[in-house]
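Examining the three-dimensional arrangement
Next come the chains, spelled out residue by residue.
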Amino acid sequence: MGAVSLSQFLTLFGWFPVAIMLVFLLLIARFYQRFAGEKTSYELFAIPIVLFGAASVRYSSIDRVAGDTLGDLLLAAGGIALIVLCVSLYRLMTRNR
C-alpha cells in the first residue's frame, strides 16, 4: 500500500464539508416535517451524500481531479438529485406565503 498523494487527501477531505452541509439540509427538512406536519421526504437527502462520496472515492482511487466518466456521472447525478430535492423543499416551505 503506497502513500496517499496530496490530491487524494484533498479530494477525500473536501467531501466532508459537503456532507456536513447536506446533513444540515436534511435536518432542516426533518425539522419542517415534524413541526409543520407536511411530508418532506428528508431521507432522500442521503442520496446526494452517497453519490458525492462515491465520486470522491472514485477520483481519489484513480488519483485525478476530473476527467473520469464514472466520477463525472456520479457528480452529475448527485447534483441533479440535490437540485430536485432543494427545489421541492423550497416550494413546500414557501407555498401560500
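Attention here is on the structure that accompanies the text. A quick note: this is a predicted structure, and the numbers were derived from the prediction, not measured. (Residues numbered from 1 in each chain as written. Predicted model: local features only at pLDDT ≥ 70, side-chain atom pairs only at ≥ 80, totals over all residues. Heavy atoms only, no water.)

Considering the pattern of salt bridges
Counted according to the given criterion, the structure contains two salt bridges. The closest approach of N and O atoms between Arg95 and Glu38, which form a salt bridge, is 2.5 Å. Note that Arg95 is positioned in the segment after α3 (69-94) and Glu38 in the loop between α1 (6-36) and α2 (46-62), a separation of 57 residues in sequence. Owing to a relative accessible area of 22%, Glu38 belongs among the partly exposed residues under this scheme. As a salt-bridge pair, Arg58 and Asp68 come within 2.7 Å of each other at their nearest N and O atoms. Highlighted residues: Arg58 in helix α2 and Asp68 in the loop between α2 and α3, separated in sequence by 10 residues. Classification of Asp68 as buried rests on a relative accessible area of 10%. (Salt bridge = Lys/Arg side-chain N within 4 Å of Asp/Glu carboxyl O. Helix = DSSP H or I, 4+ residues; strand = E, 2+ residues; numbered from the N terminus. Buried < 20%, exposed > 50% of the residue type's maximum accessible area, 1.4 Å probe, protein only.)

Re α3
Given a rise of 1.5 Å per residue, 26 residues ought to cover 38 Å, and the 37 Å separating the end C-alpha atoms of α3 matches this to within 8%. Those residues of α3 not exposed but buried are Gly71, Leu74, Gly78, Ala81, Leu82, Leu85, Leu89 and Leu92. Looking at the packing, one finds that the buried side of α3 touches α1 and α2. (Expected span 1.5 Å × (residues − 1). Contact = heavy atoms within 4.5 Å.)

Let's talk about the nonpolar core
Counting residues in hydrophobic clusters, the biggest one holds nine residues: Leu22, Leu26, Ala29, Phe45, Ile49, Phe52, Leu82, Leu85 and Leu89. The contacts of Leu85, once residues within four sequence positions are left out, are Leu44, Phe45 and Pro48. (Core = buried A, V, L, I, M, F, W, Y, C linked by side-chain atoms within 4.5 Å.)

What to know about the packing of aromatic side chains
Counted according to the given criterion, the structure contains three aromatic pairs. Taking the centre distance of 5.1 Å and the plane angle of 70° together, the rings of Trp15 and Phe16 count as edge-to-face. On the accessibility criterion, Phe16 (47% relative accessible area) is partly exposed. (Phe/Tyr/Trp six-rings, centres within 6.5 Å; stacked < 30°, edge-to-face > 60°.)

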